Amino acid sequence: MPRPSHDTTLIWLLPEPAGRQPRYSRARIARQAVGIADAEGFAAVTMKRIATELGAATMTLYYYVRNKADIVALMQDAIFEDVLIPAGQLPPAWREALTLITRRTRDALISHPWAIASLNDAQLGPNALRHYEQSLAALAATDLSYPQKTELTGIVDDYVAGAAAHAIEAQERLRAATKNPALVAEAMTYGQRLLATGEFPQLQALAEEALATGRQPTPLENQDQQFEAGLAALLDGIAKRYQC
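Bear in mind the structure is a predicted one, so any value in this text is a computation, not a measurement.

What follows covers the packing of aromatic side chains. Applying the stated rule across the entire model yields three aromatic pairs. Considering the side-chain rings of Phe-42 and Trp-114, the 6.0 Å spacing of their centres and the 20° angle between planes classify their relative orientation as stacked. Placement of the pair is Phe-42 in the loop between helix H1 (26-40) and helix H2 (47-54) and Trp-114 in the loop between helix H5 (94-111) and helix H6 (115-118), with a sequence separation of 72 residues. Take Phe-42 and Trp-114: they sit in the same class, and that class is buried. When the centroid spacing of 5.6 Å and the interplanar angle of 15° are considered together, the rings of Tyr-159 and Phe-227 count as stacked. Taken together, the residues Tyr-159 in helix H8 (residues 146-179) and Phe-227 in helix H11 (residues 219-242) connect sequence positions 68 residues apart. A residue is classified by how much of its surface remains accessible, and Tyr-159, at 22% relative accessible area, is partly exposed. By relative accessible area, Phe-227 is classed as buried at 3%. Directly above the ring of Phe-42 sits Lys-68, whose terminal nitrogen or CZ lies 4.7 Å from the centroid.

A contiguous nonpolar patch, built from Tyr-190, Leu-194, Phe-200, Leu-203 and Leu-206 and spanning about 460 Å² of accessible area, is present on the exposed surface. Secondary-structure elements contributing two or more residues to the nonpolar patch are helix H9 (181-195) and helix H10 (201-213). Looking at where Phe-200 falls in the secondary structure, it is placed in the loop between H9 and H10. On the basis of relative accessible area, Phe-200 is assigned to the partly exposed category, the value being 31%.

What follows deals with the packing of helix H7 (residues 126-137) against H8. At their nearest, the axes of H7 and H8 sit 10 Å apart, and the two run at 115° to each other. With respect to H8, the element H7 is oriented roughly perpendicular. Read as a crossing pair, H7 and H8 show a hand that is right-handed. When H7 is examined against H8, the residues His-131, Tyr-132, Ser-135 and Leu-136 are found in contact with a partner set consisting of Lys-149, Thr-150, Thr-153 and Asp-157. Grouping the constituent residues of the contact of H7 with H8 by class yields two nonpolar, four polar and two charged.

What follows deals with the nonpolar core. Counting residues in each nonpolar core, the largest one holds 33 residues, and the members touching the most others are Val-45, Ile-50, Ile-71, Met-75 and Trp-114. Those elements that provide at least two residues to this core are H1, H2 and helix H4 (68-83). Looking at this core element by element, the count peaks at eight residues for H4. Apart from the residues lying within four places of it in its own chain, the contact partners of Met-75 are Ala-30, Ala-33, Val-34, Ala-37, Phe-42, Val-45 and Trp-114.

What follows concerns the side chain of Thr-153. Note that Thr-153 resides in helix H8. When near neighbours in sequence (up to four residues on either side) are disregarded, Thr-153 contacts Tyr-132, Ser-135, Leu-136 and Leu-139.

Attention now goes to the pattern of salt bridges. For side chains of opposite charge, pairing can occur when their charged atoms come near one another. Applying the stated criterion to the full structure yields ten salt bridges. The closest approach of N and O atoms between Arg-31 and Asp-82, which form a salt bridge, is 3.1 Å. Taken together, the residues span a long stretch of sequence, with Arg-31 in helix H1 and Asp-82 in helix H4 at a distance of 51 residues. When its relative accessible area of 34% is taken as the criterion, Arg-31 is described as partly exposed. Under the relative-accessibility criterion, Asp-82 is labelled partly exposed at 34%. Here Arg-175 ties to Glu-172 by a salt bridge, and the two come within 2.6 Å at their closest N and O atoms. Taken as a pair, Arg-175 and Glu-172 lie in helix H8 at a separation of three residues, close to a single helical turn.

Scoring rules and cut-offs
Residues numbered from 1 in each chain as written. Predicted model: local features only at pLDDT ≥ 70, side-chain atom pairs only at ≥ 80, totals over all residues. Heavy atoms only, no water. Phe/Tyr/Trp six-rings, centres within 6.5 Å; stacked < 30°, edge-to-face > 60°. Helix = DSSP H or I, 4+ residues; strand = E, 2+ residues; numbered from the N terminus. Buried < 20%, exposed > 50% of the residue type's maximum accessible area, 1.4 Å probe, protein only. Lys NZ or Arg CZ within 6 Å of the ring centre and 35° of its normal. Patch = residues over 30% accessible without salt bridge, like charges linked within 9 Å, V, L, I, M, F, W, Y side chains within 5 Å. Areas by Shrake-Rupley, 256 points an atom, 1.4 Å probe, with all protein chains shown as cover. Salt bridge = Lys/Arg side-chain N within 4 Å of Asp/Glu carboxyl O. Axes fitted to C-alpha atoms, helices over the stretch in contact; angles between N-to-C directions. Parallel < 35°, antiparallel > 145°, perpendicular 65-115°, else oblique. Left-handed = near helix turned anticlockwise from the far one by under 90°. Contact = heavy atoms within 4.5 Å. Nonpolar A, V, L, I, M, F, W, Y, C, P; charged D, E, K, R; others polar. Core = buried A, V, L, I, M, F, W, Y, C linked by side-chain atoms within 4.5 Å.

Have a look at this one:
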């Protein structure tokens, strides 16, 4: 029998429906919800829509989840599953291990551009804990204390989240530019007019240098390069500050 929607028990503490052959699973429901959000945005994720995509009656879902909060928790945990390093593949050296974790995390966030803004209230699930466990395991060979490890992983997480957010913004701007090339042309003309005033000598020099090279990276290429350069600088700073 479905649980009441106002029940605040953690979804992770509630057993899935019993039966020899349950028709659905929470993992399948979560992946369906993530797919809807990827295609149409987080706002499109509703119990009714998920049920429709699964070919089920809406009430059927209430045997597996109680409300949207449960769905959000399952969606976040599904994304964290994609972040996890497969067993036995975490490099032994801390720098290489953190680099691999950060790249996978950024890739997962960019693949689900709605996630950063939409999953802040999600109940942390088992895959979130596994991700944090891997982040600590990446530092296991160092002499850092646990307070230092938690501080360091927080610094790295903040960098990755910020870098992913900027990359997502660049993607959105690129999509908007593709849909409205006239607006882009107007913006470029306006920008050139501002540079011609002489009030922006540094930007003018940057524009002239870019023009002289004959090649400018696309916004997404620039984001990738900037992420790798920033990550290398961050890890260099960590190695020096924490002497690891």
